[in-house]
Amino acid sequence: DAGVTQSPTHLIKTRGQQVTLRCSPKSGHDTVSWYQQALGQGPQFIFQYYEEEERQRGNFPDRFSGHQFPNYSSELNVNALLLGDSALYLCASSGTANYGYTFGSGTRLTVV
Amino acid sequence: RKEVEQDPGPFNVPEGATVAFNCTYSNSASQSFFWYRQDCRKEPKLLMSVYSSGNEDGRFTAQLNRASQYISLLIRDSKLSDSATYLCVVKNSGGYQKVTFGTGTKLQVIP
């Protein structure tokens, strides 16, 4: 049973560029949440997708957008990258009877 | 005030010691509570849920105090492999059940 898979694992981008991160949830999970974790900080909630709609959002600018597909996989898009966007981006999936979250191993984004 | 607050540590303890972490939360409507463990440069992994009556899993004991709005994690007989960051997680009630992480408490178990 595959857990949560994220791609790519590492990414280096230049300021001003755009990036797309991908996530496949754990089998049986239908909800995907995205988190940003800066070095030495706890994960910060970006947004959550359920039934292909964003159903709640954290305190992140509109440069951060996402999408969920019919197979429950999800993408996180970040436009006009800033140096401060450098972080570990974590995807977490959960089910309707959700308890805690299952996290993917993350995408480490470096903006230079 | 942060929604979920933890002492960042680090806590440096010798092998075999008992160590306790506390976490406070600000939303009295919070519904579910968890402890996650995160190893360096890895993703967080669920350690245990926290129940109102308190619960134990081997060397780990979690407690919840709703009146004072804090949860705790006790680790007995610390092992070197317990060295990690421990994240307190709170899930609020309501339709979308917002999940909030603390900044984490770093534990280093010393030989």
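Just so you know, these numbers come straight off a predicted model, no measurement behind them.

Colleague: How should the sheet that holds strand 1 (residues 5-7) of chain A be read in this particular structure?
Modeller: Backbone-to-backbone hydrogen bonds join strands into a sheet, with any given pair of strands oriented parallel or antiparallel. Residue and element names in this part refer to chain A. Spatially, 1-3-8-7 is the arrangement adopted by the four strands of the open sheet, whose pairing is antiparallel. Two strands lie at the open edges of the sheet, namely strand 1 and strand 7 (64-68), each paired on one side alone. Each strand axis lies, on average, 15° off the axis of its neighbour in the sheet, ignoring direction. Two strands pair when backbone bridges link them, and strand 1 and strand 3 (residues 19-24) are joined in this way by three bridges, in the antiparallel orientation. Opposite Ser-7, over in strand 3, you have Arg-22 as the bridge partner.

Colleague: When you look at the side chain of Arg108(A) in this model, what are you seeing that I'm missing?
Modeller: Here Arg108(A) lies in strand 11 (residues 107-111). An unpaired buried charge is present at Arg108(A): no salt bridge exists, and Glu43(B), the closest side chain of opposite charge, is 9.0 Å distant. Ignoring any residue separated from it by four or fewer positions in sequence, one finds Arg108(A) in contact with Thr9(A), His10(A), Leu11(A), Ala87(A), Leu88(A) and Arg41(B).

Colleague: What is the right way to look at the interface of chain A and chain B in this model?
Modeller: Taken together, the contact pairs 20 residues of chain A with 18 residues of chain B. Where chain A abuts chain B, roughly 1600 Å² becomes buried across the two surfaces, and 51% of that area is made up of carbon and sulfur atoms. Taken together, the connections running from chain A to chain B amount to zero salt bridges. In this assembly, chain A and chain B are joined by three residue pairs in polar contact (both at pLDDT 80 or more). When residues of the side of chain A that touches chain B are traced back to their parent elements, those giving at least two are strand 4 (31-37), strand 5 (44-50), strand 6 (53-57) and strand 9 (87-94) of chain A. Of the residues belonging to the side of chain A that touches chain B, the class tally is eight nonpolar, ten polar and two charged.

Colleague: Looking at this structure, how should I read the nonpolar core?
Modeller: Note on soluble globular proteins: their nonpolar side chains tend to be buried together. In terms of nonpolar packing, the biggest core is built from 23 residues, with Phe21(B), Trp35(B), Ile71(B), Leu73(B), Ile75(B), Tyr86(B) and Leu107(B) touching the most fellow members. Broken down by secondary-structure element, the contributors of at least two residues to this core are strand 3 (19-25), strand 4 (30-38), strand 5 (44-50), strand 7 (60-65), strand 8 (70-75), strand 9 (84-92) and strand 11 (105-110) of chain B. Among the nonpolar cores identified, the runner-up in size contains 20 residues, and Leu21(A), Leu81(A), Tyr89(A) and Val111(A) belong to it.

Colleague: Mind showing me how you'd approach the packing of aromatic side chains here?
Modeller: Two aromatic rings are characterised by how far apart their centres lie and by the angle between their planes. For the structure on display, the rule yields 13 aromatic pairs over all chains. Joined through ring pairs, the aromatic side chains of Tyr35(A), Phe45(A), Tyr101(A), Phe103(A), Tyr36(B) and Phe101(B) make up one cluster. Note that Arg55(A) overlies the ring of Tyr50(A), its terminal NZ or CZ placed 4.5 Å from the centroid.

Colleague: Is there a simple way to think about the environment of Thr18(B) in this case?
Modeller: Residues and elements named next belong to chain B. Mapped onto the secondary structure, Thr-18 falls in the loop between strand 2 (11-14) and strand 3. C-alpha separation for the pair Thr-18 and Ser-78, spaced 60 residues apart in sequence, amounts to 6.2 Å. Beyond its immediate stretch of four places on either side in the chain, Thr-18 contacts Leu-74, Ile-75, Arg-76 and Asp-77.

Colleague: Mind showing me how you'd approach the sheet that holds strand 3 of chain B here?
Modeller: Residue and element names in this part refer to chain B. Read from one edge of the open sheet, five strands run 1-3-8-7-6, paired in antiparallel fashion. One side of each edge strand has no neighbouring strand; the edge strands of this open sheet are strand 1 (4-6) and strand 6 (55-57). Strand after strand, the sheet turns through a mean of 20° between neighbouring axes, direction not considered. Pairing of strand 3 with strand 8 involves six bridges; the strand directions are antiparallel. Bridge pairing links Phe-21 to Leu-73 in strand 8.

Colleague: Just to check I follow, could you spell out the state of the cysteines for this structure?
Modeller: As used in these notes, a disulfide is a covalent bond between sulfur atoms, one from each of two cysteines. Counted according to the given criterion, the structure contains two disulfides over all chains. With its sulfur 1.8 Å from that of its partner, Cys23(A) forms a disulfide with Cys91(A). Note on the Cys23(A) and Cys91(A) pair: the S-S dihedral is about -60°, so by sign convention the disulfide is left-handed. You can see Cys23(A) sitting in strand 3 and its partner Cys91(A) sitting in strand 9, a full 68 residues away along the chain. Neither Cys23(A) nor Cys91(A) differs from the other in exposure class; each is buried. Here Cys23(B) pairs with Cys88(B) through a disulfide, and the sulfurs are 1.9 Å apart. Looking along the S-S bond of the Cys23(B)-Cys88(B) disulfide, the torsion reads about -70°, which is the left-handed sense.

Thresholds, definitions, all that
Residues numbered from 1 in each chain as written. Chains lettered and ligands numbered in written order. Predicted model: local features only at pLDDT ≥ 70, side-chain atom pairs only at ≥ 80, totals over all residues. Heavy atoms only, no water. Pairing = 2+ DSSP bridges. Helix = DSSP H or I, 4+ residues; strand = E, 2+ residues; numbered from the N terminus. Axes fitted to C-alpha atoms, helices over the stretch in contact; angles between N-to-C directions. Buried < 20%, exposed > 50% of the residue type's maximum accessible area, 1.4 Å probe, protein only. Lys, Arg positive; Asp, Glu negative; His and termini not counted. Salt bridge = Lys/Arg side-chain N within 4 Å of Asp/Glu carboxyl O. Contact = heavy atoms within 4.5 Å. Buried area = accessible area lost by both parts, 1.4 Å probe. Polar contact = N/O pair within 3.5 Å; in protein donor to acceptor, adjacent residues only side chain to side chain. Nonpolar A, V, L, I, M, F, W, Y, C, P; charged D, E, K, R; others polar. Core = buried A, V, L, I, M, F, W, Y, C linked by side-chain atoms within 4.5 Å. Phe/Tyr/Trp six-rings, centres within 6.5 Å; stacked < 30°, edge-to-face > 60°. Lys NZ or Arg CZ within 6 Å of the ring centre and 35° of its normal. Disulfide = S-S within 2.5 Å.

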